[in-house]
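Understanding the architecture of this molecule
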Amino acid sequence: ATKWVSGSNGVQLTARYVAFHHAKDNIILCLADIFSEREMQGQMQRQLQQANMAQSYRLHDSVPTVTCPRRDVSAAIALLDPARENVIVVPSEDVEFVTTVLNKFSALTDKYRITVYGMNAWMDINTLDLTAMGKLDVHVPASSFIDHDDPAVNAFIRQYRDRYQNEPGEYAFLGHDVTLFYLSALMQFGEAFPQHLNEVLATPLHLAFHFAKAGPENGYRNESAVMLEYRDMGIHVAP
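Residues numbered from 1 in each chain as written. Predicted model: local features only at pLDDT ≥ 70, side-chain atom pairs only at ≥ 80, totals over all residues. Heavy atoms only, no water.

1. Points about the overall build of the protein
Using the following cut-off: A run of H or I in DSSP counts as a helix once it spans at least four residues, and a run of E counts as a strand once it spans at least two, with each numbered from the N terminus. Buried means the residue's accessible area, taken with a 1.4 Å probe over protein chains only, is under 20% of the maximum for its type, while exposed means over 50%, and partly exposed covers the values in between. The contact definition used throughout considers only heavy atoms, calling two residues in contact when any of these lie within 4.5 Å. Residue exposure ignores everything except the shown protein chains as possible cover, and the areas themselves are Shrake-Rupley values with a 1.4 Å probe. Positive charge is attributed to Lys and Arg, negative charge to Asp and Glu, and no charge count is given to His or to the chain ends. Charged groups are reduced to one reference atom each: NZ for lysine, CZ for arginine, CG for aspartic acid, CD for glutamic acid.
Tallying secondary structure elements over the protein gives seven helices and eleven strands in all. Dimensions along the principal axes, computed over C-alpha positions, put the protein at roughly 55 × 45 × 35 Å. Scored against the burial criterion, the 239 residues of the protein give a buried share of 44%. Of the contacts made within the protein by residues no fewer than 6 positions apart, 68% connect residues no fewer than 24 positions apart. Total accessible area on the protein stands at roughly 12800 Å², and carbon and sulfur atoms take up 51% of it. When the 19 basic and 28 acidic side-chain charges of the protein are each reduced to a single mean position, those positions are 4 Å apart.

Below, the structure is given as structure tokens:
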């Protein structure tokens, strides 16, 4: 199970993650020719370019960018490099365009090494081809993830079942993690814990905590997020 991550947080995480892990690879920013997505596209282009320039070993000084119709990504395909890892960044939530991206690029994985980075909304599009997503090692950002291969998660599920004779939902995990974090904060820093939010030592089950001030007169918000990847016919936390 995953938790929704805001568009701006997802864009920021994706841009930084791609630049850090793939600056030496052939990064291609593939945009849909859709007016309603222009703001999100602009955010991704700015943040990806900024994050990429911060990497000294980058392949491109300016990330190649193409705008494609909903059913035709040939302009992006033309930029593929058979000698390098190709990283296709797709800041789109349009079902038709995302489907085109997956279908067209998955058909080329016998000739090219391709990894696709998409948006959190892709996880809610149940018509997408999971086989294609696995072939393309699709990555998407999320604000949380319940990893059922984690022994601590399974221990919590067993204890919850024993106590409530029911299955724990996402709110049960959220309640556990928030309570654990703030009780740990009180124990470690007392009433002064708001000044030490990013110093709290705690091990939550599905939600990480990284706080940033929302504004000079506002409080703090949790901007933590995690990158997930589709592989082995499932969703896993990316390394």
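On we go.
2. Here's the deal with unusual backbone geometry
In this model, Asp137 sits at a positive phi of 50 degrees, which is unusual for a non-glycine residue. Exposure remark for Asp137: the relative accessible area of 22% places this residue in the partly exposed category.

3. Quick notes on the packing of aromatic side chains
Put simply, the rule is: Classification of ring pairs uses Phe, Tyr and Trp, with its six-membered ring standing for Trp, and accepts pairs whose centres are within 6.5 Å; under 30 degrees between planes counts as stacked, over 60 as edge-to-face, and the remaining range as tilted.
Applying the stated criterion across every chain yields a total of nine aromatic pairs. Here Tyr17 and Tyr117 contribute two aromatic rings whose centre-to-centre distance is 6.0 Å and whose plane-to-plane angle is 50 degrees, an arrangement assigned as tilted. Note that Tyr17 is positioned in helix α1 (residues 7-22) and Tyr117 in strand β5 (residues 113-117), a separation of 100 residues in sequence. Seen from their ring centres, Phe156 and Phe173 are 4.9 Å apart, and the 55 degrees between their planes marks the pair as tilted.

4. Some words on the side chain of Thr14
Looking at where Thr14 falls in the secondary structure, it is placed in helix α1. With residues up to four places along the chain from it excluded, the contact list for Thr14 reads Met44, Val89, Tyr117, Gly118, Pro141 and Met227.

5. Some points on the pattern of salt bridges
Our working definition: Any Lys or Arg side-chain nitrogen located within 4 Å of an Asp or Glu carboxyl oxygen qualifies as a salt bridge.
Using the criterion set out here, one finds nine salt bridges in the structure. Among the salt bridges present, the one from Arg71 reaches Glu96, with a minimum N-O distance of 2.4 Å. Of the two residues, Arg71 sits in the loop between β3 (65-68) and α3 (74-77) while Glu96 sits in helix α4 (residues 95-106), which places them 25 residues apart along the sequence. Look at Arg71 and you get exposed, because its relative accessible area is 65%. Residue Glu167 pairs with Arg161 through a salt bridge whose shortest N-O separation is 2.6 Å.

6. Some details on the packing of helix α6 (residues 151-164) against helix α7 (residues 170-189)
As a reminder of what qualifies: Working convention: axes come from line fits to C-alpha atoms, limited for helices to the stretch in contact. Angles between N-to-C directions cover 0 to 180 degrees. Any angle that is under 35 degrees is reported as roughly parallel, and any over 145 degrees as roughly antiparallel; angles of 65 to 115 degrees are reported as roughly perpendicular and all others as oblique. The handedness criterion is simple: a crossing whose near helix is rotated anticlockwise from the far helix by less than a right angle is left-handed, and one whose near helix is rotated clockwise is right-handed.
Remark: α6 packs on α7, axes separated minimally by 12 Å, with the N-to-C direction vectors making an angle of 110 degrees. Compared by their axis directions, α6 and α7 come out roughly perpendicular. For the crossing formed where α6 meets α7, the hand is right-handed. Taken together, the residues of α7 that come into contact with α6 (itself represented by Val153, Phe156, Ile157 and Tyr160) are Ala172, Phe173 and His176.

7. With respect to the environment of His60
You can see His60 is positioned in the loop between α2 (38-53) and β3. Separated by 34 residues in sequence, His60 and Asn26 have C-alpha atoms that sit 7.8 Å apart. With sequence-adjacent residues up to four places away left out, His60 is seen in contact with Asp25, Asn26, Ile27 and Asn52.

8. A look at the side chain of Asp94
Basically, it comes down to this: Each polar contact in these results corresponds to two N or O atoms within 3.5 Å; when the atoms are within protein, one needs to be able to donate a hydrogen and the other to accept it, and residues that are neighboring in sequence are counted only if both atoms are side-chain atoms.
Positionally, Asp94 belongs in the loop between β4 (85-89) and α4. A distance of 3.2 Å separates polar atoms of two side chains, one belonging to Asp94 and the other to Arg70. Engagement of the side chain of Asp94 in a polar contact is seen with the backbone nitrogen of Glu96, the distance being 3.3 Å. Discounting chain neighbours no more than four positions away, the residues touching Asp94 are Ile34, Glu37 and Arg70.

9. Considering the pairing of strand β2 (residues 26-32)
This is how the line gets drawn: Any two strands between which DSSP finds at least two bridges are classified as paired. With the strands aimed away from the viewer, a crossover counts as right-handed if its path from the first strand over the helix to the second runs clockwise.
Within β2, seven of the seven residues are buried, leaving the element largely enclosed by the surrounding structure. Side chains Asn26, Ile28, Cys30 and Ala32 project from β2 onto one buried face, and the interleaved Ile27, Leu29 and Leu31 project onto a second face that is buried too. Inspection of the sheet shows β2 paired to β4 by four bridges, in the parallel sense. When the sheet's bridge partners are listed, Asn26 is paired in β4 with Asn86. Examined bridge by bridge, β2 and β3 share four bridges and lie parallel to one another. The residue bridging Cys30 from the neighbouring strand is Val66, located in β3. Handedness of the crossover is the feature at issue here: the chain leaves β2, passes through α2, returns alongside β3, and the resulting connection is right-handed.

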